[in-house]
Amino acid sequence: MALALTVCGIVVALVVIGLFVFGLRRRLIQRSGGTFDCSLRWDAPKEGDGAGKGWSYGVARYNGDRVEWYRVFSYSPRPRRVLERSAIEVAGRRVPDGEEELALLSDAVVLACLHRGTRLELAMSEDALTGFLAWLEAAPPGQRVNVA
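Labelled according to an unreviewed UniProt entry, the protein appears under the name DUF2550 domain-containing protein, originating from Streptomyces thinghirensis.

Written as structure tokens, this is what we have:
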């Protein structure tokens, strides 16, 4: 009986510590500011595929001329993807359709982009999209930015 209580106590403590580390990681990512909730689909399919597969929920952070994207459900302190402003080409925007409506946040807008030849899609709120497009257009003089 004592062994079972000890094992249960250890399991509960590990779960609490795991949840605390998730919260601490998110707090450290957001500490410097310039963050927004953003789902990402890397190697996105062509237009018209509303299957909703491949989306990962995350947090994006502006860092100079880059956007760093972190998975929410990860312990890694490093960004999963780094998007450079000069390499992002916006191909268009749309509302989620089909099963995507269930896979994404309720107020999300999908932005189709190309980054160094890789098709990707970012899903974010309308406010975050406005800020992202303004950040893209605010590139230093001499940098070519393609915003559709």
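(A) Looking closely at the packing of aromatic side chains. For the structure shown, the criterion picks out 3 aromatic pairs. Ring plane angle 40° and centroid distance 5.3 Å describe the contact between F36 and Y62, whose orientation is recorded as tilted. With F36 in strand β1 (residues 35–42) and Y62 in strand β2 (residues 56–63), this pair connects stretches of sequence that are 26 residues apart. The class of F36 is buried, set by a relative accessible area of 11%. Under the relative-accessibility criterion, Y62 is labelled partly exposed at 23%. Ring centres of Y62 and W135 lie 5.4 Å apart, and the angle between their planes is 45°; this geometry places the pair in the tilted category. Here Y62, found in strand β2, pairs with W135, found in helix α3 (residues 126–137); they are 73 residues apart in sequence, far enough to count as distant. Among the aromatic residues, those joined into a cluster by ring pairs are F36, Y62, F132 and W135. Over the face of the ring belonging to W42 we find R81, whose NZ or CZ atom lies 4.1 Å from the ring centre.

About the criteria used
- Residues numbered from 1 in each chain as written.
- Predicted model: local features only at pLDDT ≥ 70, side-chain atom pairs only at ≥ 80, totals over all residues.
- Heavy atoms only, no water.
- Phe/Tyr/Trp six-rings, centres within 6.5 Å; stacked < 30°, edge-to-face > 60°.
- Helix = DSSP H or I, 4+ residues; strand = E, 2+ residues; numbered from the N terminus.
- Buried < 20%, exposed > 50% of the residue type's maximum accessible area, 1.4 Å probe, protein only.
- Lys NZ or Arg CZ within 6 Å of the ring centre and 35° of its normal.

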